[in-house]
Amino acid sequence: MTEPTGRRRPTRVALFITCLGDAFYPQVGEATVRLLHRLGIAVDFPLGQTCCAQPAFNAGFHDQARLVAQRNLTLFADYEYVVVPSGSCTAMIRLFYPDLFAEAPQLHQQAESLAARTYELSEFLLNIVGTDDVGAAFAGKVAYHASCHLQRELGVTEAPRRLISRVAGVEACDAEMSEQCCGFGGTFAVKYPEISSAMLEKKIASLQRAGADTLVSCDAGCLMHIAGRLRRQGMDVRVMHVAELLNAGHNAEEPRHAPGN
Amino acid sequence: MHLGTEGFQDHARQALKDEPLQNALHLLTAEFVPRRVAAMQALGDPEALRTQARAVKEQAIAQLDTYLEQFADNLDKLGAHVHWAHDDAEARDIITSIAQQAGAKVIVKGKSMAAEEIHLNPHLEELGYEVLETDLGEYIIQLAEETPSHIIAPAIHKTRQQIAALLHDKLGDPYTEELTDMTQIARRALRQQFLRADVGITGVNFAIADTGSIVLVTNEGNGRLSSTLPRVHVALMGMEKIVPRLDDLPVMLKVLTNSATGQKISSYVTMITGPRRAHDLDGPEELHVVVMDNGRSNILASENREALYCLRCGACLNVCPIYQNIGGHAYGWVYPGPIGAVLTPLFTGLDTAKHLPRASTLCGACREACPVKINIPHMLLNLRRQSVSRGDASAGEGRLFSLWAWVMRHPGLYRLGLKLARLGQTPFARRGWLGKLPPPFHSWTQSRDFKAVAPQSFRDRWQATLQYEQPSRNGAGGGRHE
Ligand code: SF4
């Protein structure tokens, strides 16, 4: 266990669940809450939250994105830490909220403040809580998919890998294309389905070569994309969010085998 | 033979089905990428070098007018001619009149993306000049009557078999797939032309302000031959090619060659400082440097200024999962890949190029590979915003996002939306997944299933039970939640 550097251990955080997590992967949020609880951290869930506004922002609709993002500035104003089980949505808040409100000084200040308090789950665990062993157990050959925003916008590359490697029973078998994009890209997957699918094909081929039976990632978007193809092909690879893996052995409902989960 | 950028989607679809192209593109992931990664790592601290290289370009572009003036003054003192071209037509005219005055018939050309940008070859050929590409890749492309599909490997889209057949058909030599034999065939054909050429046209990799030197980086020596053998040498450069000092050159060369081909240094680095002097043994009698704006001033004044830092190394193409799948021609204009998706709309306007900034997952592999850390994904985001504000998006998409924003601002509506989705999906959902989505999302389910909205959302679970659970006292993390 690494010691947190100079900070007291956090006792309370706000959870920003993200719209994908809320609607499609409630078990990810549940695992996140229980995982944080096990670490002695209380979790608040401001009920007014919906989406981080990334879909509109990425598509170029900044006015619409601003309307949605602005609510989050207020909703999460009073929390010392906001934890997000998604690299993509964390990047939206940390990097692009300040840009989005660049013209409005007061909102910009709020955006900067929120940006500084918002953490993706794995970096929060490693860098803020100061732990790389959360006492989880899981038997499987696990390949890690490094989601793009997490690794390249936030620069978080080590935290998830370390946390995964400390889960008892995990046999890490990194896919050789662990860092390669899965082709999701939000609306990209719908606007350019053929290119998106070709990228996904390559991702899945590398997974197969790695001999993984489980794929873990920090972003539900990628997981949904990859699992959607695995299921279509009838491939028996389990797909898990990192929160589920880090709470494995403690989950009320252990994730069932994909392609059903 | 530029395909035009409007048809991006069709071109991409065709490219995905083009088997020889797919085989050829495999080379990128299999060879180019690992070679660059290994070479950069061998440099010790690649991060520091990239930072340094970026700083050089930042400075050069921030004071571009000063450095250009200094560069031109120095060239003038050296006895070279400097020409300023405002746009592509002016650049073509300048070069044509130089060729006319030289009484040229045969023109040899070193590889130049700037020349591609102004479609120089077809123009000169139309006027009756015999124009010969001397870079092997460019030569192959010329024989095939195609355009380059990669910034530094113009014929990357062709397989060895295709090239062998091409050489056999066009030059009449016996068919061979042996690389050395193929190179020899091309070399023989090219060497003869060098001797006949009256004018040599090259690009410029770096233009050094404080000495007036131009630097050519090649692997075949063709740049050196093109710039020294003919009586007249014309060097065509975009005005962003400036670096302030000769002292900046080592770091720039290092990042360029390592990023482009994974070489410590390219086989040839030619530094030209003025035309032939009285005591020189070789070199051209006349040196003309054509400095081209062609839209660069607009980029300089825009939020996408850093696009001008580009060294044209091609590293971003090689790592791009989109480029890896569709190759360069699908982009439809001179510059393909991630940097092409930025440069094309900047140079040719969003009217025709609006697809390009959107055709990206914003994965950021390009920025990670770029020797001057150009933030391509963020520029793509800028361009998408610009594109939407000028009304490029379909009315349907606009309405969809307005509706989305309205729902997302009202958690009650959002909840209702989830409920409706659950109801709507019930007949179609199988074990939590949907095999078909309605338009405009149906393209997702062409190849993938889509997750059904969960029976109970997270917020439902939170309100039902989770909010009453408590953190464990000891906080050790190991124990099962009580
Ligand atoms: S954007 Fe960067 S990586 Fe791409 S060609 Fe230019 S310098 Fe090379």
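Residues numbered from 1 in each chain as written. Chains lettered and ligands numbered in written order. Predicted model: local features only at pLDDT ≥ 70, side-chain atom pairs only at ≥ 80, totals over all residues. Heavy atoms only, no water.

Participant: Describe the overall build of chain A, with residues and values.
Facilitator: The secondary structure content of chain A amounts to 13 helices and 8 strands. For chain A, the C-alpha radius of gyration of 18 Å lies close to 18 Å, the compact-globule estimate for 261 residues. Expressed as lengths along the three principal axes of its C-alpha atoms, the size of chain A is roughly 50 × 45 × 30 Å. Counting every position in chain A, which comprises 261 residues, the buried fraction comes to 68%. Expressed as a percentage of contacts within chain A between residues at least 6 apart in sequence, the contacts between residues at least 24 apart total 77%. Summed over all atoms, the accessible surface of chain A reaches about 8,200 Å², with 50% contributed by carbon and sulfur. (Helix = DSSP H or I, 4+ residues; strand = E, 2+ residues; numbered from the N terminus. Rg over C-alpha atoms; globule rule 2.2 N^0.38 Å. Buried < 20%, exposed > 50% of the residue type's maximum accessible area, 1.4 Å probe, protein only. Contact = heavy atoms within 4.5 Å. Areas by Shrake-Rupley, 256 points an atom, 1.4 Å probe, with all protein chains shown as cover.)

Participant: Which residues make up the side chain of B:S387, and what are the values?
Facilitator: Mapped onto the fold, B:S387 is located in helix α20 (residues 376-389). Look past the residues within four positions of B:S387 in its chain and what remains in contact with it is B:L350, B:K354, B:R358, B:D392 and B:A393.

Participant: Give a detailed account of the interface of chain B and chain A, specifying residues and quantitative values.
Facilitator: When the parts of a complex come together, some accessible area is lost, and that lost area is often taken as the interface size. Taken together, the contact between chain B and chain A spans 76 residues of the former and 85 residues of the latter. The tally of links between chain B and chain A comes to 9 salt bridges. One salt bridge connects A:E153 with B:R367, and the closest N-O pair in it is separated by 3.3 Å. Where chain B meets chain A, there are 40 residue pairs in polar contact (both at pLDDT 80 or more). Sorting elements by how many residues they give to the side of chain B that touches chain A places helix α21 (residues 395-408) of chain B first, with 7 residues. (Salt bridge = Lys/Arg side-chain N within 4 Å of Asp/Glu carboxyl O. Polar contact = N/O pair within 3.5 Å; in protein donor to acceptor, adjacent residues only side chain to side chain.)

Participant: Lay out the pattern of salt bridges with the relevant residues and their values.
Facilitator: Residues and elements named next belong to chain A. Taken as a whole, this structure holds 46 salt bridges over all chains when the rule is applied. Its salt-bridge partner being R209, residue E176 comes within 2.9 Å of it at the nearest N-O pair. Here E176, found in the loop between β6 (168-172) and α10 (188-191), pairs with R209, found in helix α11 (residues 193-210); they are 33 residues apart in sequence, far enough to count as distant. According to the relative accessible area criterion, R209 is exposed, its value standing at 55%. Within this structure, D132, D133, E158, R162 and R166 form a network of salt bridges that share partners.

Participant: Provide a residue-level description of the domain arrangement of chain B, including the pertinent values.
Facilitator: Its domain assignment divides chain B into domain 1 (1-35 + 314-393), domain 2 (43-295) and domain 3 (411-473). Between the C-alpha centres of domain 2 of chain B and domain 3 of chain B there is a distance of 57 Å. (Domains from an automatic or database assignment.)

Participant: Kindly report on the site of the ligand, identifying the contributing residues and their values.
Facilitator: Taken together, B:C310, B:L311, B:R312, B:C313, B:G314, B:A315, B:C316, B:I339, B:C370, B:P371, B:I374 and B:I376 make up the full set of residues near the ligand. Per-class residue counts for the shell around the ligand are 10 nonpolar, 1 polar and 1 charged. (Near = heavy atom within 4 Å. Nonpolar A, V, L, I, M, F, W, Y, C, P; charged D, E, K, R; others polar.)

Participant: Please provide a residue-by-residue account of the environment of A:R162, values included.
Facilitator: Residue and element names in this part refer to chain A. Summarising the element assignment, R162 is placed in helix α9 (residues 158-165). You can call R162 partly exposed: its relative accessible area is 25%. As for R162 and V242, which are separated by 80 residues in sequence, their C-alpha atoms are 11 Å apart.

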